[in-house]
Structure formats: structure tokens, C-alpha cells
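Reading the structure
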Amino acid sequence: MYAIAVHGGAGNWSHTPRQSALLGVERAAEAGRRILEQDGSAVDAVTEAVRIFEDDPLFNAGTGSVLNLDGDAEMDAGIMVGRGLRTGNVAALRRVRNPILVARKVMEMTDHVLLGGNGALRFARAVGFADHDPVTTQRRESWRRRRDDLEAKQGDDRLAALHAMLSTGPRDDDMGTVGAVALDRQGDLAAGTSTGGVTLKLPGRIGDSAFPGAGNYATTHAAVSATGRGELMMRFLTAKVICEDIWNGHPAHTAVERVLREMRKSVGEDVGVIALDSEGDLGIHHLTPAMPHAWGREGSPAIEVRMSA
Ligand code: ASP
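Residues numbered from 1 in each chain as written. Predicted model: local features only at pLDDT ≥ 70, side-chain atom pairs only at ≥ 80, totals over all residues. Heavy atoms only, no water.

Moving on: the nonpolar core. The biggest cluster of nonpolar side chains holds 45 residues, and the ones touching the most others in it are V6, V90 and V102. Excluding its chain neighbours within four sequence positions, the residues that come into contact with V6 are V25, A28, A29, A49, F53, G179, A180, I274, P292, H293 and A294. V224, L260, A275 and W295 belong to the second largest nonpolar core, which has 38 residues in total. (Core = buried A, V, L, I, M, F, W, Y, C linked by side-chain atoms within 4.5 Å. Buried < 20%, exposed > 50% of the residue type's maximum accessible area, 1.4 Å probe, protein only. Contact = heavy atoms within 4.5 Å.)

Its 16 residues place the ends of helix α5 (residues 137–152) 22 Å apart at the C-alpha level, agreeing with the 22 Å of an ideal helix rising 1.5 Å per residue. All of the buried residues along α5 are R139, S142, W143, R146 and L150. Here the buried residues of α5 occupy an arc of 100° about the axis, which is enough to place them on one side. Opposite the packed face of α5, turned more than 90 degrees from it, sit the exposed residues T137 and A152. (Helix = DSSP H or I, 4+ residues; strand = E, 2+ residues; numbered from the N terminus. Expected span 1.5 Å × (residues − 1). Arc of directions from axis to C-beta.)

Moving on, we come to the sheet that holds strand β9 (residues 271–277). Strand order across the open sheet formed by four strands is β7-β8-β9-β10, with antiparallel pairing between neighbours. Bordering the open sheet on either side are β7 (216–218) and β10 (282–286), each of which pairs with just one other strand. Shown here is a sheet whose adjacent strand axes are inclined to one another by a mean of 5°, direction ignored. Pairing of β9 with β10 involves five bridges; the strand directions are antiparallel. Paired with A275 across the two strands is G283, which belongs to β10. Contacting β7, β8 (222–228) and β9, helix α8 (residues 238–247) runs over the sheet at an angle of about 145° to β8. (Pairing = 2+ DSSP bridges. Axes fitted to C-alpha atoms, helices over the stretch in contact; angles between N-to-C directions.)

Another point: the packing of aromatic side chains. For the coordinates displayed, the defined rule picks out two aromatic pairs. Measuring from ring centre to ring centre gives 4.8 Å for F53 and F59, while their planes differ by 70°; the resulting arrangement is edge-to-face. Taken individually, F53 and F59 each receive the classification buried, so the pair is uniform in this respect. Three or more aromatic residues joined by ring pairs make a cluster, and in this case those are W13, F53 and F59. Over the ring of W143 we find R140; its NZ or CZ atom is 5.4 Å from the centre of that ring. (Phe/Tyr/Trp six-rings, centres within 6.5 Å; stacked < 30°, edge-to-face > 60°. Lys NZ or Arg CZ within 6 Å of the ring centre and 35° of its normal.)

A few words now on the packing of α8 against helix α9 (residues 252–266). Interhelical geometry of α8 versus α9 gives an angle of 135° and a closest axis separation of 9 Å. In terms of their interaxial angle, α8 and α9 are classed as oblique. In terms of crossing hand, the pair formed by α8 and α9 is right-handed. Together, T238, V241, I242, D245 and I246 of α8 and A252, A255, V256, R258, V259, L260 and M263 of α9 make up the contact between the two elements. Along the lines of polarity and charge, the residues of the contact of α8 with α9 split into nine nonpolar, one polar and two charged. (Parallel < 35°, antiparallel > 145°, perpendicular 65-115°, else oblique. Left-handed = near helix turned anticlockwise from the far one by under 90°. Nonpolar A, V, L, I, M, F, W, Y, C, P; charged D, E, K, R; others polar.)

Attention shifts here to the pattern of salt bridges. For the structure shown, the criterion picks out 24 salt bridges. D44 is the salt-bridge partner of R104, the closest N and O atoms lying 2.8 Å from each other. Within this pair, whereas R104 is found in helix α3 (residues 99–109), its partner D44 is found in helix α2 (residues 42–54), the two being separated by 60 residues in sequence. Look at D44 and you get partly exposed, because its relative accessible area is 31%. (Salt bridge = Lys/Arg side-chain N within 4 Å of Asp/Glu carboxyl O.)

With that settled, consider the environment of I246. Here I246 shows up in helix α8. I246 sits in the buried class, given a relative accessible area of 7%. As for I246 and A222, which are separated by 24 residues in sequence, their C-alpha atoms are 6.7 Å apart. If near-sequence neighbours (up to four positions away) are discounted, I246 is found in contact with H221, A222, P251, A252, A255 and D277.

Here's what the structure looks like:
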């Protein structure tokens, strides 16, 4: 049997037409499902689902990534295969179209786990990824508005506003990270996650998507992709903790609720996750108002889509 689930990011989603968000997650899930249906691998299915999200400017990954304080798109992505715990990750990567494909090359062509910044970019070019500007007009305008608001403030007010922004927001109208988890007919599990990060982040900030065990993880028992404020996942190691819970015998749907309950108590609630276990049980949970997501499985031809779980 096979199964796939995808998410388009945890957040408010109050500024985006619901239909566009749902169409986006459906398209990504369906592309992955088709691969699994034809006996393709879980890693191919998550790669394709995430690639489709990255090319959709609605989502905060690849083209459409949010911008850092300097107005640049620095993108993070990670991919992981449960069998053999193989993973490839890129962080603060600029000017490529599909960070998830570069992360996959890191996994397949090097013995490294994570490449960052200029090194990641040089690697991407060396293995054939062309120059691409992922910054959309809409993201540029929203960045300019926010930067102008910040610059209009003086002295201590400006510092306080910067501090508030970096510690709690703004994520209000930012579409989140994208991610996918899949189980193929051979019983293999894989997870993939990609993001532009958080708006006006400090240049060089790296989030959970490129940090195995935090925003993305897969074992032979489970695959997890997380979204929300990356620092929470990096402190809690959310994806790894969910995988451990599943390894300890909890089905995915119980594990995600238990772990997010713990996160709410100890680090915060700007978080959402999708998880799949080796039995095909699916866990989808978020503590934010919304997280568009979709899933499909063997035997039910239609993709299910929801704005919140
Ligand atoms: N997790 C992402 C990050 O912190 C952002 C998001 O999911 O919206 O980089």
C-alpha cells in the first residue's frame, strides 16, 4: 500500500483565497500520488510534490519565498529517506529555482548532510542548477512595506520593533513552509520540506527545514515534515521526537497530538506537522489557525484537501 500527505504551511492564511491554497496542496499531493501509484519510490514522490510547491508563487518556498531583512530570498530545504537514514539539506541558499532538488543532490552525490550559503550555491551550480531569481513582485512589495514601517521608527522604538518582529512575528500573512511525507509500496518512507523561512529574518538565519530532526525527519517507522516558527522545532527537535513516539508504538495520529501538546507547554504553539507511519497511519495537527494540507492513499483515488485539521 502507499500513502502521501503534504502541507502548505502553518499560519493564519487570512489573506489568501482559500481556493488557491487548497488547489495548490491538491496539485502537489496528486503529483506525488501518481508516482506512488506507478510503483515509484517515496523519495521521488516527496521530491516531486515539494518541487511543485516551490514553483507555485503562492507558497513560501522556491519562487515566492519571503525575504530577509536585506530583501534577499535565502531558502532552506531538506530531504530524508527512512531506510539508511539518508538525508541531504541546503540552508540559506540563494538564486536557484528548486532548493529541494539541490538538497537531493547533496544526499545522493556527497557524504555531507548540510550545505549552507555560498558553498551550497557553488555546489548547486557545479551540479547544473541554473541561476534563477525566486523573488516575486508581491514578496518584494510586502518586504518594502515592512521595512519602511521599521525604518520610520526611531532609536529605541526601532530596536523594540525589530526585537518584537524577530521573536514573535510577523508571520501573519506569510504562507508557510511546504512539505511532504510518503510511504511507497516497497514500505519505504521519505520526508521533504522547503521554505523561504520567516519574513525579515536576519541574513544568514537558518531554520528547521534544513535541520534534520527539527523540521524534517524520516526513519523506517515514520516520516515527518513540520512548519511554523523554526526556532521552536530546532529547540524541541519536533520531527525526531514524533518519529521516536511512533517507534515506541504510538500511531502517527496519536504521536502528533501528544508531541504538539508538549511543545505548547514548553516552547510555544506556532507549529504544524504532518506524519506518516509504516502502517500508513496519518497524523496531521497544527496549533495555528490554519494549515492547508492534502493526502491520498492506495484504494481511494481522490485526494482529500483541508484548510485546517
Ligand atoms: N518553519 C519555517 C522556518 O522557520 C517557516 C514556516 O514554516 O513558516 O524557517
